[in-house]
Amino acid sequence: MNKFRVVEKFISINGEGKLAGELAVFIRFAGCNMRCTYCDTLYAMDIDTPVSLMSEAEIYEYIKNTGVKNVTLTGGEPLIQPGIAELIRRLTIDENLSIEIETNGSIDTQKFLEGMTVPAAERVSFTIDYKCPASGCESYMYMPNFENVRNSDTVKFVVSDMNDLNRMLEIISEYRLLEKTAVYVSTAFGAIKPADVVGFMTEHKLNGLRLQLQLHKYIWPPEKRGV
């Protein structure tokens with residue numbers, strides 16, 4: 001039986017994405033295959049980070065006991081966890097849960113939907129990052145994700161400067177993302193000004209692109225965990 005390395009589990013509001021402002025129960029897994037320059041969860045990467053070892057059944061039980069229907073699997077990188085496909089399937093069996101998986105864009109998301117019924121697959125939403133140049137990790141991107149992204153998914157760009165914004169525009173255009181799915185742009189905290197992003201959106205007539213700010217970093221101190 002797989003035991004997942006869970007760094008933290010908690011209830012909070014979703015800080016970004018389609019469900020921003022709604023309650024969610026978060027399961028944060030340890031470990032990531034990337035190291036972005038602006039990463040705000042480095043504590044989840046350290047091999048010495050204290051973790052709780054939880055089985056699939058224990059994670060499901062914790063989620064159900066919270067009484068919260070929105071579930072966010074995050075990290076680290078949740079899709080590199082041994083046994084994660086089985087956990088995702090277990091959660092989708094419960095018709096009362098809505099599952100969001102925050103992934104860094106380097107892993108094929110489609111393989112985790114294989115064998116699912118259509119209703120079960122519709123209960124899973126991937127929030128897929130595209131790592132722009134300033135992240136230092138653009139070369140890790142699994143580009144078929146942006147070809148295959150579904151309407152129920154989300155693509156997220158985190159930008160640090162104008163070069164990132166220009167790269168975002170190229171990817172949006174090349175993969176026709178605004179025609180296929182929800183697309184969000186966030187600023188790396190403390191980097192480019194949100195007003196500059198709005199100016200870029202206005203200049204390029206980026207109808208459908210949504211600017212988002214990380215709500216939890218404005219409600220609580222930016223370094224606070226478990227929120």
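Remember, predicted model here, so these are calculated numbers, not experimental data.

Caption draft 1: Looking closely at the overall build of the protein. A count of helical and extended segments in the protein gives eight helices and nine strands. Over its C-alpha atoms the protein spans a radius of gyration of 17 Å, differing by no more than 12% from the 17 Å that the globule rule assigns to 227 residues. A principal-axis box enclosing the C-alpha atoms of the protein has dimensions of 50 × 40 × 30 Å. Classification of the 227 residues of the protein by burial places 53% in the buried group. Sequence-distant contacts in the protein: of pairs separated by 6 or more residues, those separated by 24 or more amount to 76%. As displayed, the protein has an accessible area near 10,600 Å², and 51% of this comes from carbon and sulfur atoms. Between the centroid of the 24 positive side chains of the protein and the centroid of its 30 negative side chains there is a distance of 3 Å.

Caption draft 2: Inspection of the nonpolar core at higher detail. Membership of the largest hydrophobic core comes to 57 residues, with the highest contact counts inside it found for F29, I59, L73, I88, F157, M168 and L177. Dropping the residues within four chain positions of it, I59 is found in contact with F4, V6, I27, F29, M54 and L87.

Caption draft 3: Representation of the sheet that holds strand β1 (residues 3–13) in the model. If you walk across this open sheet you meet the nine strands as β3-β1-β2-β4-β5-β6-β7-β8-β9, and the pairing is mixed. Unpaired on one side and paired on the other, β3 (52–55) and β9 (209–212) mark the two borders of the sheet. Each adjacent strand pair in this sheet contributes to an overall mean axis angle of 30 degrees, direction not counted. With respect to the sheet, helix α1 (residues 56–66) is in contact with β1, β2 (23–29), β3 and β4 (70–74), its orientation differing from that of β3 by roughly 90 degrees.

Caption draft 4: Spotlight on unusual backbone geometry. Omega for the bond connecting G75 with G76 falls within 30 degrees of zero, at 15 degrees, which places this linkage in the cis form. Inspection of the secondary structure assignment puts G76 in the loop between β4 and α2 (84–93). Positive phi, close to 50 degrees, is recorded for K205, a residue that is not glycine.

Cut-offs and rules
Residues numbered from 1 in each chain as written. Predicted model: local features only at pLDDT ≥ 70, side-chain atom pairs only at ≥ 80, totals over all residues. Heavy atoms only, no water. Helix = DSSP H or I, 4+ residues; strand = E, 2+ residues; numbered from the N terminus. Rg over C-alpha atoms; globule rule 2.2 N^0.38 Å. Buried < 20%, exposed > 50% of the residue type's maximum accessible area, 1.4 Å probe, protein only. Contact = heavy atoms within 4.5 Å. Areas by Shrake-Rupley, 256 points an atom, 1.4 Å probe, with all protein chains shown as cover. Lys, Arg positive; Asp, Glu negative; His and termini not counted. Charge placed at Lys NZ, Arg CZ, Asp CG, Glu CD. Core = buried A, V, L, I, M, F, W, Y, C linked by side-chain atoms within 4.5 Å. Pairing = 2+ DSSP bridges. Axes fitted to C-alpha atoms, helices over the stretch in contact; angles between N-to-C directions.

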